[in-house]
Amino acid sequence: MEDLIVGSLKTNLLIFVLLLAFIGVMVAGQIKERNDAREASAGNSQEEIAKAVAASTEQDTEAEHPYKNEKVDFKGEEFTYSPLGSSLTAGYYASKENKKFASVLSNAIEEEMNYKVSLEGHSAHEALLMHGLDAVPEINKQEPDLVSIEFGTSDCSAKNNIPLDTFQKQLDLLVNDLTGEGTSKPQVVLLTTWSAGERCQAFDEAVKTVGEEHDFPVVDLSEVWGDSSNVGRKGVQTYNGVSDNLYPNDQGMEVIANKIFEEVEGPLKERGLKVNES
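Presented here is an overview of the structure given in this document. As the structure is a prediction and not an experimental result, all values here were calculated from the model.

What counts and how
- Residues numbered from 1 in each chain as written.
- Predicted model: local features only at pLDDT ≥ 70, side-chain atom pairs only at ≥ 80, totals over all residues.
- Heavy atoms only, no water.
- Helix = DSSP H or I, 4+ residues; strand = E, 2+ residues; numbered from the N terminus.
- Expected span 1.5 Å × (residues − 1).
- Buried < 20%, exposed > 50% of the residue type's maximum accessible area, 1.4 Å probe, protein only.
- Arc of directions from axis to C-beta.
- Contact = heavy atoms within 4.5 Å.
- Disulfide = S-S within 2.5 Å.
- Phe/Tyr/Trp six-rings, centres within 6.5 Å; stacked < 30°, edge-to-face > 60°.
- Polar contact = N/O pair within 3.5 Å; in protein donor to acceptor, adjacent residues only side chain to side chain.

1. Concerning helix 6 (residues 164–179)
In step 1: Given a rise of 1.5 Å per residue, 16 residues ought to cover 22 Å, and the 23 Å separating the end C-alpha atoms of helix 6 matches this to within 8%.
In step 2: All of the buried residues along helix 6 are Phe167, Gln170, Leu171, Leu174, Val175, Leu178 and Thr179. Seen from one end, helix 6 has its buried residues packed into an arc of 150 degrees, which puts them on one side.
In step 3: Looking at the buried side of helix 6, the elements it contacts are strand 2 (84–85), helix 4 (129–134), helix 5 (136–141), strand 5 (146–150), strand 6 (187–191) and helix 7 (201–214).

2. Looking at the state of the cysteines
In step 1: Under the criterion given, the structure shown has one disulfide.
In step 2: Disulfide pairing is shown between Cys156 and Cys200; the S-S distance is 1.4 Å. The disulfide joining Cys156 to Cys200 has a torsion of about 80 degrees about its S-S bond and is therefore right-handed. Here Cys200 lies in the loop between strand 6 and helix 7 and Cys156 lies in the loop between strand 5 and helix 6, a separation of 44 residues in the sequence. Comparing Cys156 with Cys200, the two get one shared label, buried.

3. Quick look at the packing of aromatic side chains
In step 1: Using the criterion set out here, one finds five aromatic pairs in the structure.
In step 2: Between Phe74 and Tyr115, the ring centres sit 4.4 Å apart and the planes meet at 15 degrees, which makes this aromatic pair stacked. Within this pair, whereas Phe74 is found in the loop between helix 1 (2–64) and strand 1 (77–81), its partner Tyr115 is found in strand 3 (residues 115–119), the two being separated by 41 residues in sequence.
In step 3: Judged by its relative accessible area of 1%, Phe74 is buried.
In step 4: Here the aromatic rings of Tyr93 and Tyr247 are separated by 6.1 Å at their centres, their planes lie at 65 degrees, and the arrangement is edge-to-face. Taken together, the positions of Tyr93 in the loop between helix 2 (87–90) and helix 3 (101–113) and Tyr247 in the loop between strand 9 (241–242) and helix 9 (250–277) put the pair 154 residues apart, joining distant regions of the chain.
In step 5: One aromatic cluster in this structure is built from Phe74, Phe79 and Tyr115.

4. Points about the environment of Ser86
In step 1: Along the chain, Ser86 falls in the loop between strand 2 and helix 2.
In step 2: Expressed as a C-alpha distance, the spacing of Ser86 and Gly152, which sit 66 residues apart in the sequence, is 8.4 Å.
In step 3: Not counting residues up to four positions away in its chain, the partners in contact with Ser86 are Ser123, Ala124, His125, Glu126, Ala127, Glu150, Phe151 and Ser154.
In step 4: A polar side-chain atom of Ser86 sits 2.8 Å from the main-chain amide nitrogen of Ala127.

5. Comments concerning the environment of Thr238
In step 1: Looking at the element boundaries, Thr238 is found in strand 8 (residues 237–238).
In step 2: Here the alpha-carbon distance between Thr238 and Ser95, two residues 143 residues apart in the chain, equals 4.5 Å.
In step 3: Ignoring sequence-local partners within four residues, the contact set of Thr238 consists of Tyr93, Ala94, Ser95 and Ser243.
In step 4: Of note is the side chain of Thr238, whose polar atom sits 2.6 Å from the backbone oxygen of Gly241.

Read these as layout, nothing more, since geometry by itself doesn't imply function.
If you want it as structure tokens, here you go:
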């Protein structure tokens, strides 16, 4: 009799344990389902937020540059692009002259807007901003529609060590001299330093400050040289001589041109349409 009672108790205990295990599995499953639902909901929320931010950014861009997406045809009208700068503007180290960013940008303007672009400007290897000031009469004589300004990499180097406040004042003066009374009042775009790292961050901020004060766009080149695939290899023969491992390769030049185009496309279309209306 005792054996029957003990056996019955063991059976009941086993059933109880199995029941508890079953309940545990069911509860765990329900918790997992709730967690999965929460994660899915959060994922959807994040996706919705990302979409909303993207839409807002697009609306801001359209509001800032309402002509950016407008289809235009300037029917081969004359257009002068005068890049002003140092080594980067001079094409170091694109493989060929037509691969430097100024040439690539000129082609993009021709293709997108049907301008006949004349590429002029002034540049020199390792030029300082003070050399850009010296070139102002030459640039103004070209009566440009677009001027890109690229200085600072040599100015902030340990070799030249131009004071930051001097650089910013010179840059402000340069923009004024290129866009003031008696000029063609070109669209201006400024470029930050190339591959100079922390040493020149303050100069980059000065470029951005001058751009903001004059309401001209600034292209941040750190986004370009920060990607090593945009930087050339040392020892490659180019039209400017044998390359180093500092300046951009053809891909980097194209990325720079595309970034500039993104900034000036809307303003240039607006400028051209207003000229035609007047």
